[in-house]
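Here are the chains, one letter per residue:
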Amino acid sequence: MSLFNSPFDPTREAALVTGAGNGIGRAIAQALVGEGVRTLFADLREDTVRASVAASPRPELAVPWVGDLATREACDRLLADARAALGQVTHFVHSASPPRREADHAFAVSQDTWRQMHAVNLDAGFHLSRELARQLIAAKQPGSFLLLTSLHAGTPRNLPHYSTSKAALAMLVRELAKTVGRHGIRVNALVPGAIAAGGFVADPSLAKHIPLGRLGRSEDLAPIALAVLSNRISAYVTGAAIVVDGGLSLTNWFEPPELGDI
Ligand SMILES: NC(=O)c1ccc[n+]([C@@H]2O[C@H](COP(=O)([O-])OP(=O)(O)OC[C@H]3O[C@@H](n4cnc5c(N)ncnc54)[C@H](O)[C@@H]3O)[C@@H](O)[C@H]2O)c1
């Protein structure tokens with residue numbers, strides 16, 4: 001049996017994806033369903049969740065869910081609804097994140113915007129991961145979690161509410177990976193570069209700074225996300241940060257060399 005033909009075991013594995021109504025979360029949720037994994041699509045807006053489910057390769061395996069993950073009540077409702085709809089959730093993807101607005105620099109960002117960003121990215125990411133891990137440990141089942149961080153977990157973005165939440169999330173991945181590893185639960189970070197996905201309004205001129213010569217697409221993230229989520233393909237990978245950026249993070253003040261005749 002080919003490893004890549006059956007990365008998941010749909011008879012006992014099920015997934016929960018936040019931010020599944022748009023962009024990267026949508027692409028990952030749809031790819032999971034395409035692999036036969038029953039998947040809950042969670043997002044803020046009913047129309048985008050329903051459209052995302054309807055456009056899935058196998059909509060009958062997709063469960064739509066709508067709520068504001070900035071609140072603890074909604075996170076707890078999500079956990080209960082996921083359990084009722086799917087049974088044990090074994091795979092978790094946290095892609096939800098509020099919009100980034102370029103105007104929200106350090107002297108402009110409001111307290112509400114700061115709190116909302118940290119509540120969705122970090123607080124919901126922590127609470128959902130911890131409670132799903134608690135359930136898996138009680139059931140003595142392995143699991144795999146993937147949290148979307150950012151290159152701006154390590155470099156400024158001129159949006160301090162965003163970069164600080166992602167920096168904290170990057171450390172949360174490492175904390176959780178260490179804490180739950182002996183229970184067979186893997187926790188990793190997916191680190192996108194400049195992905196024209198909805199959450200990032202891309203300036204096409206950025207492409208010239210990207211070694212692979214183009215902005216990314218959500219579809220560039222989904223295959224590697226599935227590979228890292230798969231307990232068959234990535235059984236020995238935890239606490240890792242998987243960068244998918246076309247080489248953007250290699251960019252600095254040196255231009256690539258002129259190669260001449262090679
Ligand atoms: N696009 C990029 O270039 C890029 C780069 C680095 C990191 N990321 C990260 O990848 C993830 C996905 O990015 P994207 O570009 O696909 O974003 P996106 O804006 O297209 O999708 C994010 C989704 O999260 C949902 N969401 C926002 N607030 C929510 C809330 N309170 N409750 C529930 N859902 C909520 C939105 O409705 C949206 O559908 C984010 O965590 C983002 O920070 C993206």
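These notes cover the structure that comes with them. (Residues numbered from 1 in each chain as written. Predicted model: local features only at pLDDT ≥ 70, side-chain atom pairs only at ≥ 80, totals over all residues. Heavy atoms only, no water.)

### Some words on the layout of surface pockets
Taken as a whole, the largest pocket holds about 1,200 Å³ of empty space. Lining the largest pocket are 46 residues, with Ser97, Arg100, Tyr162, Gly199 and Phe200 positioned closest to its centre. For the lining of the largest pocket, the secondary structure elements donating two or more residues are α1 (23-34), β2 (38-43), α4 (111-139) and α5 (160-180). With three residues, the single largest contributor to the lining of the largest pocket is α1. A class-by-class count of the residues in the lining of the largest pocket yields 19 nonpolar, 21 polar and six charged. Its boundaries defined by the atoms lining it, the second largest pocket holds a volume of some 270 Å³. (1 Å grid on protein atoms, 1.4 Å probe; cavity = no way out; pocket = protein on both sides within 12 Å on 5 of 7 lines; lining within 4 Å. Points joined across faces, edges and corners; volume = space filled by probe spheres on them. Helix = DSSP H or I, 4+ residues; strand = E, 2+ residues; numbered from the N terminus. Nonpolar A, V, L, I, M, F, W, Y, C, P; charged D, E, K, R; others polar.)

### A few points about the sheet that holds strand β1 (residues 14-18)
Strand order in the open sheet formed by seven strands is β3-β2-β1-β4-β5-β6-β7, and the pairing between neighbours is parallel. This sheet does not close on itself; its edge strands, each paired only once, are β3 (62-66) and β7 (241-244). Between one strand and the next, the sheet's axes are offset by a mean angle of 15 degrees, whatever the strand orientation. Note that β1 and strand β4 (residues 91-94) share four bridges and pair parallel. Directly across from alanine 15, in β4, lies its bridge partner histidine 91. Taken strand by strand, helix α2 (residues 46-54) contacts β2 and β3, and its axis lies near 175 degrees from that of β3. Against the sheet, α5 makes contact with β5 (143-148) and β6 (185-192), and its axis sits at roughly 160 degrees relative to β6, the strand it touches most. (Pairing = 2+ DSSP bridges. Axes fitted to C-alpha atoms, helices over the stretch in contact; angles between N-to-C directions. Contact = heavy atoms within 4.5 Å.)

### A few points about the packing of aromatic side chains
For the coordinates displayed, the defined rule picks out two aromatic pairs. An angle of 90 degrees between the planes, with centres 5.8 Å apart, marks the rings of phenylalanine 92 and phenylalanine 145 as edge-to-face. Here phenylalanine 145 lies in strand β5 and phenylalanine 92 lies in strand β4, a separation of 53 residues in the sequence. A relative accessible area of 0% means that phenylalanine 92 is categorised as buried. (Phe/Tyr/Trp six-rings, centres within 6.5 Å; stacked < 30°, edge-to-face > 60°. Buried < 20%, exposed > 50% of the residue type's maximum accessible area, 1.4 Å probe, protein only.)

### Quick notes on the packing of helix α3 (residues 72-86) against α4
For the pair α3 and α4, interaxial distance at closest approach is 10 Å and the crossing angle is 35 degrees. Here α3 and α4 pass one another in a crossing that is right-handed. Residues Arg72, Cys75, Asp76, Leu78, Leu79 and Arg83 of α3 form the contact with α4, whose participating residues are Ala124, His127, Leu128, Glu131, Leu132 and Gln135. A class-by-class count of the residues in the contact of α3 with α4 yields six nonpolar, two polar and four charged. (Left-handed = near helix turned anticlockwise from the far one by under 90°.)

### Focus on the side chain of threonine 39
Mapped onto the fold, threonine 39 is located in strand β2. Accessibility expressed as a relative area gives 0% for threonine 39, which makes it buried. Polar side-chain contacts of threonine 39 include one of 2.8 Å to the backbone oxygen of valine 37. Setting aside anything within four residues of it in sequence, one finds threonine 39 in contact with Ala15, Val17, Ala29, Leu32, Val33, Leu61, Ala62, Val63 and Leu86. (Polar contact = N/O pair within 3.5 Å; in protein donor to acceptor, adjacent residues only side chain to side chain.)

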